[in-house]
Amino acid sequence: MKKTVLFGAIAAVGLTAGMASAGTLDDVKAKGELACGVSTGSPGFSFPDADGRWQGFDVGYCRALAGAVLGSGDAIKFVPLSSKTRFAALGSGEIDVLSRNTTWTFSRDVDLKQTFVGVDYYDGQGFMVKTDLGVESVLDMDGATICIQTGTTTELNLADYFRTNGMTYEPVPIEGNAEAQQQYLAGACDSYTTDRSALAGTRMSFENPDDHMLLPEIISKEPLGPLVRHGDDNWADIARWTLNALITAEELGITQANVLEMAKGTDNPEINRMLGSEGSLAAMLGLESDWAVNAILAGGNYGEIFSNNIGENSPIGLSRGVNALWTDGGLIYSPPFR
Amino acid sequence: MSDQSYVRTEMLGEKPPPSSQVGVVKWVMENLFSSIPNAIMTIVSVWVVYYILSGILPWAFQSSWNATSLHGCRAYIAETYGEGVEGACWSVINERWKQLLFGFYPKELYWRPVVTLALMFVAISPVLFTSVPRKVMLFSVIYPFLAFWLLWGGSIWLPIVAFLGLVIAYLAIVYLPALVGSLGATIGAGVLPILFWIVIAGPIIDGLNGIAPIGIEGVDSDQMGGFMISIIIGVSGIALSLPIGILLALGRQSPLFIVKTICVGFIEFIRGVPLITLLFVASVLLNYFLPPGTNFDLILRVIIMVTFFAAAYMAEVIRGGLAALPKGQYEAADALGLDYWKATRLIIMPQALKISIPNIVSNFIGLFKDTTLVSIIGLLDPMGLARAIPADQNWNGIVWEIYVFIALLFWIFTFSMSRYSMYLERKLATGH
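Remember, predicted model here, so these are calculated numbers, not experimental data. (Residues numbered from 1 in each chain as written. Chains lettered and ligands numbered in written order. Predicted model: local features only at pLDDT ≥ 70, side-chain atom pairs only at ≥ 80, totals over all residues. Heavy atoms only, no water.)

## Considering the overall build of chain A
For step 1, the next point in the chain: What chain A contains, in helices and strands, is 14 helices and 14 strands.
For step 2, the next point in the chain: Here the C-alpha radius of gyration of chain A, 22 Å, is about what a compact globule of 338 residues would show, namely 20 Å.
For step 3, the next point in the chain: Overall, the C-alpha framework of chain A stretches about 70 × 60 × 40 Å when taken along its three principal axes.
For step 4, the next point in the chain: Counting the 338 residues in chain A, one finds 52% classified as buried.
For step 5, the next point in the chain: For chain A, the exposed surface amounts to about 14,600 Å²; the carbon and sulfur share of it is 53%.
For step 6, the next point in the chain: Between the mean site of the 23 positive side-chain charges and the mean site of the 43 negative ones, chain A shows a separation of 9 Å. (Helix = DSSP H or I, 4+ residues; strand = E, 2+ residues; numbered from the N terminus. Rg over C-alpha atoms; globule rule 2.2 N^0.38 Å. Buried < 20%, exposed > 50% of the residue type's maximum accessible area, 1.4 Å probe, protein only. Areas by Shrake-Rupley, 256 points an atom, 1.4 Å probe, with all protein chains shown as cover. Lys, Arg positive; Asp, Glu negative; His and termini not counted. Charge placed at Lys NZ, Arg CZ, Asp CG, Glu CD.)

## Quick notes on the interface of chain A and chain B
By a widespread convention, an interface's size corresponds to the accessible area lost as its parts come together.
For step 1, the next point in the chain: Counting residues at the interface gives 39 residues for chain A, matched by 32 residues for chain B.
For step 2, the next point in the chain: Counting the contacts that link chain A with chain B gives one salt bridge.
For step 3, the next point in the chain: Of the charged contacts, one joins Lys107 of chain B and Asp51 of chain A as a salt bridge, the two residues approaching to 3.6 Å between their closest N and O atoms.
For step 4, the next point in the chain: The interface formed by chain A and chain B includes eight residue pairs in polar contact (both at pLDDT 80 or more).
For step 5, the next point in the chain: The class makeup of the residues in the side of chain A that touches chain B is 16 nonpolar, 17 polar and six charged. (Contact = heavy atoms within 4.5 Å. Salt bridge = Lys/Arg side-chain N within 4 Å of Asp/Glu carboxyl O. Polar contact = N/O pair within 3.5 Å; in protein donor to acceptor, adjacent residues only side chain to side chain. Nonpolar A, V, L, I, M, F, W, Y, C, P; charged D, E, K, R; others polar.)

## With respect to the domain arrangement of chain A
Residues and elements named next belong to chain A.
For step 1, the next point in the chain: Each assigned domain of chain A is listed here: domain 1 (2–122 + 224–328) and domain 2 (125–220).
For step 2, the next point in the chain: The straight-line distance from the C-alpha centre of domain 1 to that of domain 2 is 32 Å.
For step 3, the next point in the chain: Carbon and sulfur atoms make up 66% of the surface buried where domain 1 meets domain 2, a total of about 460 Å² over both sides.
For step 4, the next point in the chain: Of all residues in domain 1, the largest losses of buried area upon contact with domain 2 belong to Pro43, Ile316 and Leu318, amounting jointly to 53% of the total for that side.
For step 5, the next point in the chain: On inspection of domain 1 and its partner domain 2, the count reaches zero salt bridges.
For step 6, the next point in the chain: Put simply, domain 1 and domain 2 have zero residue pairs in polar contact (both at pLDDT 80 or more) between them.
For step 7, the next point in the chain: When its residues are assigned to classes, the side of domain 1 that touches domain 2 shows six nonpolar, no polar and no charged. (Domains from an automatic or database assignment. Buried area = accessible area lost by both parts, 1.4 Å probe.)

## With respect to the domain arrangement of chain B
For step 1, the next point in the chain: Examined at the domain level, chain B breaks down into domain 1 (22–91), domain 2 (154–216) and domain 3 (219–428).
For step 2, the next point in the chain: Once you take the C-alpha centre of each, domain 1 of chain B and domain 2 of chain B turn out to be 59 Å apart.

## Let's talk about the state of the cysteines
Residues and elements named next belong to chain A.
For step 1, the next point in the chain: This structure, assessed with the given rule, holds three disulfides over all chains.
For step 2, the next point in the chain: At a sulfur-sulfur separation of 1.8 Å, the disulfide partner of Cys36 is Cys62. Here Cys62 lies in helix α3 (residues 57–70) and Cys36 lies in strand β1 (residues 34–39), a separation of 26 residues in the sequence. The burial state of Cys36 is the same as that of Cys62; both residues are buried. (Disulfide = S-S within 2.5 Å.)

## As for the sheet that holds strand β12 (residues 212–214) of chain A
Residue and element names in this part refer to chain A.
For step 1, the next point in the chain: Taking strand neighbours across the sheet as the criterion, the five strands line up as β10-β9-β11-β8-β12 in an open arrangement whose pairing is mixed. Where the open sheet ends on each side, the last strands, each with one partner, are β10 (169–174) and β12. Adjacent strand axes in the sheet meet at a mean angle of 30°, parallel and antiparallel pairs treated alike.
For step 2, the next point in the chain: The sheet contact formed by strand β8 (residues 125–130) and strand β11 (residues 191–195) spans five bridges and is antiparallel. The residue bridging Val129 from the neighbouring strand is Ser191, located in β11.
For step 3, the next point in the chain: Against the sheet, helix α6 (residues 153–164) touches β8, β9 (144–149), β10 and β11, its axis set at about 150° to β9. (Pairing = 2+ DSSP bridges. Axes fitted to C-alpha atoms, helices over the stretch in contact; angles between N-to-C directions.)

## A word on the side chain of Gln114 of chain A
All names here are of chain A.
For step 1, the next point in the chain: Looking at the secondary structure, you find Gln114 in strand β6 (residues 114–116).
For step 2, the next point in the chain: On the accessibility criterion, Gln114 (3% relative accessible area) is buried.
For step 3, the next point in the chain: Residues in contact with Gln114, not counting those within four places in the same chain, are Phe87, Leu90, Arg108, Asp109, Leu227, Val228 and His230.

Here's what the structure looks like:
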């Protein structure tokens, strides 16, 4: 008898949980704010500034999505998440979208029941060495000591790469980026390996950046992108096409400054369709017709978000590289708005 | 009269003691150079202290206070103190100290946590010092509700109606025994307020809000952070864990089978689980179990878990105190004809608690420092901010300065707690 009651209660909770996750868009509209999961601190990607306002590349996407759904890039609640709590927070409904430099992998997509809505940054694992070490390539580093963060995919990539090339190395396990910088500068290891975007930021923070260099090899693929829960395709579509809108905006020359002007109507039908002066794409998503305008107003197009947070207009100064638009020979590509 | 001229007629003046027996020289000889091994130890210690200070002091004082980035700090230090000098970049503290103290609390409302903290000292003063008038105790009872209202803001009716629940419990204890006996009154005091909070409180609050919407600007939990969160969690945990711990310790010794089993089970389960696990349960798992849409505040969840954890440890500390009491004390209390609660309140607990003071306080200190674990579940307490602030590219590469600042703040709190416990031990010392 008691057991029946218990199971009944669990079933009831499970049912209501199922019902609530049926319409993320309606939930977000009802709440009036978008709950966005970000990193507790990742240089250039997400961090609180001196006024407590969240900044960064990952944050920029969240603001765009809030703009698209709710009309304002500030109708948003940032939930700082550690790498250990991020997927559970998404699964349990605490956040509506996770934008936390998360690598798109098979098991995360399939096994953990999540939907990656695209790639907003193509990262890869690289190596930093001191210039006076005289090393030109990772292949010169047989027998080197290497600082590496434990429990990450970078650790496995490193092992694979050195085994494939028949080389040995001595790992110096460390916990986080700050500790890694200290160890590397103190000479505890010959080289520090992690994602190249983080390495570039770290190098720029050194007293003499020119004494250090990144080696040309990129030994892994780390496509980073936002993700949502499995099972709400409409919400996933909104998240995906908001990202696509930012990319297309850069391709078509729509910027934060001129988007309002362009929204009045232009000679280019694709711009008109996207910004809502022609057609009914917004209604198909269940959004207001100026959704893309508000998404771009929140922080600019893809190129602007990139350059303001991690690109040439930021202290990190990453070059676009493979993250250039496909028209410039990069990998950033959006399906057409039609 | 015999001639007594060989006897002095006046006293000699006091001579100063030998120079080796007074002042600095004596102290140094006795304490630092009393023997050869002692002298060697002294010299080595002086050298170690000098070595450490000569490294730290120039770093701490040849520093920059007003730069806007780590590079700015380096440029300023190189310009002021010469190339190659390594100095602290206190500018990061200068820019972010408010964040480290208050998190993202709205700047114009900083006075609210400050007032709350000041009132906290008023509220705990009657508990800490017997010289404070007992009537202040009344304020201590109101304080938790006032503090909640000041920190989170919102309608004033929520804390007032919640407080009414306590009043109901009090009235039940005073007036019910005449009607339903003391056991009935105890149960009533437990059940009635809960019924009140669950069933009646909601409509009353809505009604009052409709009539007179009095309130102050609300602040969300996710805007709180920094040292404020450590104090909120630490103080709530401390204040709640002591009474719960006492009840658990008494329950564990109870002859009533069910009470005893529940207490032992609770204590052993909670003590057997790491705090981190409980925090993960609070942050992640509870969301799956609770009905969706329930907005069960993360800070509240963490406070509950931390309280459970601390209470289980506290129960064992107090059990130690109870076990140390001679059996004669229990028997004497019984012989005086005191009932269980009177004997416990007047004879057993005062002595058991006194014995346990050092352990209780060290538990409190441990609990206060354990609050930094919440950074792992994404709350931006000082340790969480210590990771978030260097993510700003301006401060990327800063490590020591932030940790030194946090350590200093924690040290002030824990050191005062430890001093207070020593004061209390001296005051309560009745041994011979």
